Amino acid sequence: MTHSRSRTGNPCPHELPHYQALLDDTDWASFATVCGTGEALPTALASILNPDPAVRAAATDEALRSVTHQNTIYEATVPVALFAAAILDHPVVAAGDFGHGADTPPHRPTLVRLLEWLGDTAYDADDECIAIGEGHFGKGILHEDREMRAFRDVRPAIFSAVHPLLGHDNAAVHDAALLAAIPLAEHPLLTAHRAELVDHVGRLLATSTDRHNRDRVLDAMKAWGHDTSALENADDIAARERYARLKAERDSRWAADGTGGYSEAPPF
C-alpha cells in the first residue's frame with residue numbers, strides 16, 4: 001500500500017504524534033535546516049533510539065545541530081521538536097545512559113540532552129524574544145516569522161511529554177524538564193500549570209548550584225510576579241548584582257556610541 005507524505009506530521013498542534021508517524025509521514029526534504037534541507041534527518045532521528053550510547057549521542061548531536069544555530073527557529077525545528085518530545089518516554093531514551101558500565105565512555109544522558117534542547121528552543125521562541133524582536137523590527141514580527149509561530153503553536157503538545165518528567169527521581173532530568181516546561185507554559189492553554197511549576201522551582205533552588213538553571217527559574221518567578229528574595233542565596237544575590245552592573249555598563253557604552261538599546265538580556 002502506498003500513501004502520500006504530508007509536509008508536516010502534526011495536523012493538530014495540541015496533540016503529540018507518535019514518533020514513527022512523524023518519521024514516516026513528514027516530508028523532511030521540504031523543510032529548511034541550518035544548511036540545506038532535512039533530507040538526512042529521518043536517519044539521524046531514528047538513530048537516537050539506537051541501543052548503543054555512542055551511536056545515540058552522535059545521532060543526537062547530528063539531528064539537533066541541523067536545526068540549531070544562533071537562536072534561530074528553522075522550518076525543520078517543529079517536526080524535530082515534536083519527535084524529540086515524542087521519544088522522551090521511549091524505553092531506550094528513558095532508561096539509557098544512566099548508570100552505564102565503567103568501561104563505557106560517559107555520555108550526557110540522551111533524555112537530559114533532548115530536554116535541554118527543547119527548553120533552549122522554547123526560550124528562543126518565548127514572549128521576551130518576541131518583545132525584543134518587536135522593539136527592533138516593529139509589531140507584526142510574529143506574523144511574519146512563520147517558523148517561530150509554528151513552534152509556539154505546538155507548545156502544548158511538547159509540554160504534554162515534558163510534564164511527566166517533572167516527577168523524575170534523577171535531579172538532572174527533573175531540572176531539565178522544569179527549564180523546558182517554564183517557557184512552554186507561556187502558551188495560553190498552559191498558564192494554569194504555573195502554580196505547579198513554582199513548587200518545582202523550590203525543589204531546584206533547594207538542591208541545585210547550577211548558575212544557569214538558578215538564573216532561569218528565578219527570572220521566571222519574577223516574570224510571574226513572585227517575590228524571590230526569600231529564595232535567593234548569597235551567590236544568587238551576587239550574580240544578580242553583577243548582571244545589573246554589566247547591564248549598566250553596556251547601556252552606557254551603547255548610549256555613548258549613539259546606537260541605543262541592546263538586544264540580549266544578561267548574563268552577557
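Residues numbered from 1 in each chain as written. Predicted model: local features only at pLDDT ≥ 70, side-chain atom pairs only at ≥ 80, totals over all residues. Heavy atoms only, no water.

What follows covers the packing of aromatic side chains. The tally for this structure, following the rule as stated, stands at one aromatic pair. Between Tyr19 and Phe83 the ring centres are 6.1 Å apart and the planes differ by 85 degrees, which places this aromatic pair in the edge-to-face class. With Tyr19 in helix H1 (residues 19–25) and Phe83 in helix H4 (residues 77–86), the pair connects residues that are 64 residues apart, well separated along the chain. Comparing Tyr19 with Phe83 shows no difference in burial state: the two are buried. Taking NZ or CZ as reference, Arg216 lies 3.7 Å from the ring centre of Tyr123, over its face. (Phe/Tyr/Trp six-rings, centres within 6.5 Å; stacked < 30°, edge-to-face > 60°. Helix = DSSP H or I, 4+ residues; strand = E, 2+ residues; numbered from the N terminus. Buried < 20%, exposed > 50% of the residue type's maximum accessible area, 1.4 Å probe, protein only. Lys NZ or Arg CZ within 6 Å of the ring centre and 35° of its normal.)

It is characteristic of soluble globular proteins that their nonpolar side chains tend to be buried jointly. Core analysis: the largest hydrophobic core is formed by 68 residues, its most contacted members being Leu45, Leu88, Leu115, Leu118, Ile158, Val162 and Ile182. For this core, the leading source of residues is helix H11 (residues 171–184), giving nine residues. If we ignore the near neighbours within four places in the chain, the residues touching Leu118 are Ala81, Ala84, Ala85, Leu88, Phe151, Ile158 and Val162. (Core = buried A, V, L, I, M, F, W, Y, C linked by side-chain atoms within 4.5 Å. Contact = heavy atoms within 4.5 Å.)

Right, let's talk about H11 for a bit. An ideal rise of 1.5 Å per residue puts 20 Å on 14 residues; H11 measures up with 20 Å between its terminal C-alpha atoms. The element H11 is extensively covered by neighbouring structure, given that twelve of its 14 residues are classed as buried. Buried within H11 are the following residues: Val173, His174, Asp175, Ala176, Ala177, Leu178, Leu179, Ala180, Ala181, Ile182, Pro183 and Leu184. Those residues of H11 hidden inside the fold are in contact with helix H6 (110–124), helix H10 (155–162), helix H12 (194–207) and helix H13 (211–223). Its side-chain oxygen at 2.9 Å from the backbone nitrogen of Ala172, Asn170 defines the N-terminal cap of H11. (Expected span 1.5 Å × (residues − 1). Polar contact = N/O pair within 3.5 Å; in protein donor to acceptor, adjacent residues only side chain to side chain.)

Moving on: the packing of helix H3 (residues 53–65) against H6. Packing of H3 against H6 leaves a shortest axis separation of 10 Å and a crossing angle of 10 degrees. Considered as vectors, H3 and H6 are oriented roughly parallel to each other. Where H3 approaches H6, its residues Arg56, Ala57, Thr60, Asp61 and Leu64 are matched on the opposing element by Thr110, Arg113, Leu114 and Trp117. Across the contact of H3 with H6, the residue classes tally to four nonpolar, two polar and three charged. (Axes fitted to C-alpha atoms, helices over the stretch in contact; angles between N-to-C directions. Parallel < 35°, antiparallel > 145°, perpendicular 65-115°, else oblique. Nonpolar A, V, L, I, M, F, W, Y, C, P; charged D, E, K, R; others polar.)

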